[in-house]
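# Structural characterization, general
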Amino acid sequence: MKRLLVATHNFHKVKEIELFLSDIPIQIISLVDLDINLKVEETAESFKSNALKKAKEYQRLSGEITLAEDSGLEVFSLGGQPGVISARYGGEELNDSERVNFLLKEMENIDGWNRAARFVSVVVLINNNGELMNVSQGYLNGFISHQKIGSNGFGYDPIFWLPEKSTTTAKLSLIEKNKISHRGKALKAIKPTLKSLYRIV
Ligand code: ITT
C-alpha cells in the first residue's frame, strides 16, 4: 500500500490526522514507526516557516512523501502569545496540564471578551523528490475558559472554549473536533493535492 509519513512526534496529532485521512487508501506512518528520533529545532518566527522546516528535514531523512504540521494557540489580548512557542510556553519542562495552568495564571486578570483566542494550523506536503506540493492553513476561533473542562484531546484543549458548542474542545470526540478544528480545515484544503499525488480519484 502507498504510504504517507505524518512527520510529528505528537501522538495526538497523528491520531487526528490519521482519522481525517482515513477515507484515502494510504497507509499513515509516523516518525516513531521509522525510528526517527531527531527533533527539528522550531526556531522560526512563523507557523509556516516551522512547518516547512519540519517537512523538508523529515522528508530528507525518510525519503517518504511527507506531511508536517505546525500549530499553536494565539491569545489576542496577549499579543498573539503563546503562538509559535505554544508547545514550550512557560518552560520546556512543563507538561500539558502545567502549561495550561501557567496560561490560566497569566490570564487571571483578563475577563470576558478579552479572552478571545484562536488555534492555528499550517500543514505542508512534500513529495518523495523533496518538492513542495502544497501549504495550507486553518483557524479555529474561541475563548480561553477560566478553568479546565474535559479530558479529550491534548495541549490547550481543556481551556479552549467554543461558544457555539457551550463547551471546550476537550469535550469533543476526535470526529467532532476534526470537523471544526484548525487542523481539520488545513487538512481539508490539502486533500485534493494528496489524492492527485497518489493518483486517487
Ligand atoms: P511536532 O512538532 O512533533 O509536530 P508538537 O506538539 O511540538 O509536535 P507544535 O510544535 O506544532 O507540535 O506545537 C503545537 C502546540 O500547540 C501543541 O503542543 C499544543 O500545545 C498546541 N496545540 C496545537 N494544536 C492544538 C490542538 O488541536 N489542541 C490543543 N492544543 C493544541
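I will try to describe carefully the structure that is included in this document. For every chain, the first residue of its written sequence is number 1, and the numbers climb from 1 along that sequence. With the structure being a predicted model, the display of local features is reserved for residues of pLDDT at least 70 and the display and counting of side-chain atom pairs for 80 or more, all residues being used for whole-chain, interface and lining totals. The basis for the side-chain values is all heavy atoms of the structure; hydrogens and waters are excluded.

## Some points on the packing of helix α1 (residues 11-20) against helix α5 (residues 182-197)
- At their nearest, the axes of α1 and α5 sit 11 Å apart, and the two run at 45° to each other. Relative to α5, the element α1 lies oblique. Crossing hand, α1 versus α5: right-handed. Of the residues in α5, those touching α1 at K13, E16, I17 and F20 are R183, G184, L187, K188 and K191.
- Of the residues assigned to the contact of α1 with α5, the class counts are 3 nonpolar, 1 polar and 5 charged. The axes used here are C-alpha line fits, helices contributing only the stretch in contact, and every angle between their N-to-C directions lies in the interval 0 to 180 degrees. A run of H or I in DSSP becomes a helix once it reaches four residues, and a run of E becomes a strand once it reaches two; helices and strands are each numbered from the N terminus. When describing relative orientation, an angle under 35 degrees is termed roughly parallel and one over 145 degrees roughly antiparallel, while 65 to 115 degrees is termed roughly perpendicular and anything else oblique. Two helices cross in a left-handed way if the nearer one is turned anticlockwise from the farther one by less than a right angle. They cross in a right-handed way if the turn is clockwise. We call two residues contacting when some pair of their heavy atoms lies within 4.5 Å. Side-chain classes follow a simple rule in which Ala, Val, Leu, Ile, Met, Phe, Trp, Tyr, Cys and Pro form the nonpolar group, Asp, Glu, Lys and Arg form the charged group, and the remainder, Gly included, forms the polar group.

## Digging into the nonpolar core
- Counting 20 residues, the largest nonpolar core has L4, L21, I26, L67, L125, L194 and Y198 as the members making the most contacts within it.
- If you list the elements that add at least two residues to this core, you get β1 (3-6), α1, β5 (116-126) and α5.
- In terms of residue count, α5 provides more of this core than any other element does, 5 residues in total.
- Apart from the residues within four sequence positions on either side, L67 is in contact with L4, L5, V6, A7, I17, L21, V123, V124, L125, L187 and I190.
- Think of a nonpolar core as a cluster: buried Ala, Val, Leu, Ile, Met, Phe, Trp, Tyr and Cys residues, connected wherever their side-chain atoms sit within 4.5 Å. Relative accessibility under 20% of the residue-type maximum defines a buried residue, over 50% an exposed one, and the middle range a partly exposed one, all with a 1.4 Å probe and only protein chains included. Counting 19 residues, the second largest nonpolar core, distinct from the first, contains Y89, L104, I144 and I159.

## Some details on the site of the ligand
- For this description, a residue counts as near a given molecule or strand if any of its non-hydrogen atoms is within 4 Å of it. Inspection of the region around the ligand gives 21 residues, with T8, E42, K54, K177 and R183 positioned closest.
- Between the ligand and the protein, one listed contact pairs a nitrogen atom with a side-chain N or O atom of R183 at 2.8 Å.
- Per-residue and other accessible areas follow the Shrake-Rupley method at a 1.4 Å probe size, with only the shown protein chains counted as cover for residues. When the ligand sits alone it has 610 Å² of accessible area, and the protein chains cover 94% of it.
- Elements that contribute at least two residues to the shell around the ligand include exactly β3 (66-75) and α5.
- Considering every element that reaches the shell around the ligand, the biggest residue donor is β3, with 4 residues.
- In terms of residue class, the shell around the ligand is built from 4 nonpolar, 8 polar and 9 charged. Pairing of N or O atoms within 3.5 Å defines a polar contact, subject to two protein rules: one partner must be a possible hydrogen donor and the other a possible acceptor, and residues neighboring in sequence count only if both atoms are side-chain atoms.

## Some remarks on the environment of I159
- Assignment of secondary structure puts I159 in the loop between β6 (132-144) and β7 (160-162).
- The exposure class of I159 is buried, given its relative accessible area of 0%.
- Each C-alpha atom, one on I159 and one on H146, is 7.3 Å from the other, the two residues being 13 residues apart in sequence.

## Let's talk about the pairing of strand β2 (residues 27-30)
- Strand pairing is assigned whenever DSSP identifies at least 2 bridges connecting the two strands. In this structure, β1 lies alongside β2, joined through 4 bridges in parallel fashion. Bridging from a neighbouring strand, R3 pairs with Q27 of β2.
- Whether a crossover is right-handed comes down to one check: with the strands pointing away from the viewer, does the path from the first strand over the helix to the second run clockwise; if it does, it is right-handed. Chirality of the crossover, the property in question, places the unit of β1, α1 and β2 among those that are right-handed.

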